[in-house]
Amino acid sequence: MNVSLILIILFVGALVTFLSGDKLASKVALFFGLAAAGCSIVLLNHFNLGENISFISQWITKPNVSFALKADGLSLAMVLLTTILTAIITFSSFGNVYKNAKSFYALILFMSFAMVGTFLASDGLLYYIFWELSLIPIYFITLVWGNGDVEERRKAVVKFFIYTLAGSLFMLVAFVYLYQKAGSFLIEDLYKINLSATEQLWIFLAFFLAYAIKIPLIPFHTWQANVYQKAPTVGTMLLSGIMLKMGLYSIIRWQLPLAPAAAHEYKYIFIAIGLAGVIYGSIVALRQRDLKKLLAYSSLAHVGLIAAGTYTLTLDGLRGAVLQMIAHGFVVVGLFYVAEIIFRRYETRVIAEMGGIRTQTPRFTSMFLILVMASISLPATFNFVGEFTVLYSLSQINIWFAVLGGTTIILGAYYMLRMFQHAMLGETNSKVFADVTINEGITLVVIIAVLLFFGMFPKPILDLITPSLEEILNQINRIN
């Protein structure tokens, strides 16, 4: 039993969902989503027992390309995030009706297949293929089932597609150059290459461009807010909860170990870029009147801090970044789902048109408040663990980095609590707000349970990811 089984389940699930017809598509997709999540948990148990669940097979002889899937603590953590959130996102969509539902749900599973492949691939060319494959489903999900004017939606999604594809081409060129040096795309062989300082700088920048666009980091963020707003909520969840983590994960797995000298030489610059995103995202979020746009810029601030943590090149920085990736994945999916629940009832995302909801639905208000508190990293929530660890790592580099990074908590608390106040509190709204359905309640409770459980007991995730992060850090520090 190995990790290729997860890919098989998701790929077969996408095909079966498409063939099942519109009426059964959502239920079939949920079944395969749950099956993939269950398979991930079973494989995690095998991994914890010391079994080798990686997979490698020769794929192409010339050039030398292997179908290689590496299962370590880091990749398994990201696979679990992907498969569990895929199931949650699929279930959350049951309150909506989609035209051509079979294609919609098949694309969700295919996107999950591509993202899982990206997290597991340990051959550079295979990794690049999965990386690009994940673009195709979200392009069509946003274009066909998105919100607002069709022409505006098309412009937004084409800009995103071209930006991401163009950035990825630089990464492909870097892989081709590394292949000429190593004669292989396998990550273990690429790690062994001795590159000059100049070569490392160009490789480092080529990977950075691909990842900075995907995450995104400023100034490569211009596609984000429009795509998040125009995409259907399911698409926004997939983008913010999982897809952007591909870039953050790849910094740790590929960029830093392949060009360690450049990483050490220029780390202050890239930490500063991450922190600039924290400040910029927080300030712009203060000005937003649309709930989805506010959450998009809030996400920009949070991922900027995560990126800054990865570039500290410390164990605490890498560990905090991974913890925050997972925590952010759950909380941002929960918050975008809350925005969707409100839209289902009021058909608006303008914050000023909400208000007075608390008196009509105290249960929903309480769950929304917990998600807001998790987003601003209140102690005892999962986000606090990751954010505190990242800030501590920044303080080890320079105390002012930690001070600047802390603005994400201060400004985040201000704009998130102000948004909650305007959206939920005040006099009772004249519009009736129906209480959450059973499906909506289950989705929110599951997300909140994860955030609270790992906020108080993060040890299982720390134990899982630490050994692989230590190996990567040894590779990054091999120049010393």
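Cut-off values and rules
- Residues numbered from 1 in each chain as written.
- Predicted model: local features only at pLDDT ≥ 70, side-chain atom pairs only at ≥ 80, totals over all residues.
- Heavy atoms only, no water.
- Helix = DSSP H or I, 4+ residues; strand = E, 2+ residues; numbered from the N terminus.
- Rg over C-alpha atoms; globule rule 2.2 N^0.38 Å.
- Contact = heavy atoms within 4.5 Å.
- Areas by Shrake-Rupley, 256 points an atom, 1.4 Å probe, with all protein chains shown as cover.
- Lys, Arg positive; Asp, Glu negative; His and termini not counted.
- Charge placed at Lys NZ, Arg CZ, Asp CG, Glu CD.
- Pairing = 2+ DSSP bridges.
- Buried < 20%, exposed > 50% of the residue type's maximum accessible area, 1.4 Å probe, protein only.

An unreviewed UniProt entry annotates the protein chain as NADH-quinone oxidoreductase subunit M originating from Flavobacterium flabelliforme.

As for the overall build of the protein chain
When its secondary structure is counted, the protein chain shows 21 helices and 2 strands. For 480 residues, the compact-globule estimate of 2.2 N^0.38 gives 23 Å, and the protein chain sits close to it at 21 Å. Seen along its three principal axes, the alpha-carbon backbone of the protein chain occupies a region of about 70 × 55 × 45 Å. Within the protein chain, residue pairs in contact and separated by at least 24 positions form 82% of the contacts whose partners lie at least 6 positions apart. When the accessible area of the protein chain is evaluated, it comes to approximately 17,800 Å², of which 66% is carbon and sulfur surface. Computing the positive centroid from 31 side-chain charges and the negative centroid from 24, the protein chain places the two 5 Å apart.

Describing the pairing of strand 1 (residues 55–60)
Sheet topology places strand 1 next to strand 2 (residues 65–69); 5 bridges connect them, and they run antiparallel. Within strand 2, the residue paired with Q58 across the bridge is S66. Turn length for the strand 1-strand 2 hairpin, with the two strands adjacent in sequence and antiparallel, is 4 residues.

Examining unusual backbone geometry
Following K62, the chain continues to P63 via a peptide bond in cis, the omega torsion being 0 degrees. Relative to the elements of secondary structure, P63 occurs in the loop between strand 1 and strand 2. One non-glycine residue, S377, adopts positive backbone phi at about 65 degrees. Topologically, S377 is positioned in the loop between helix 16 (362–375) and helix 17 (382–397). On the basis of relative accessible area, S377 is assigned to the buried category, the value being 5%.

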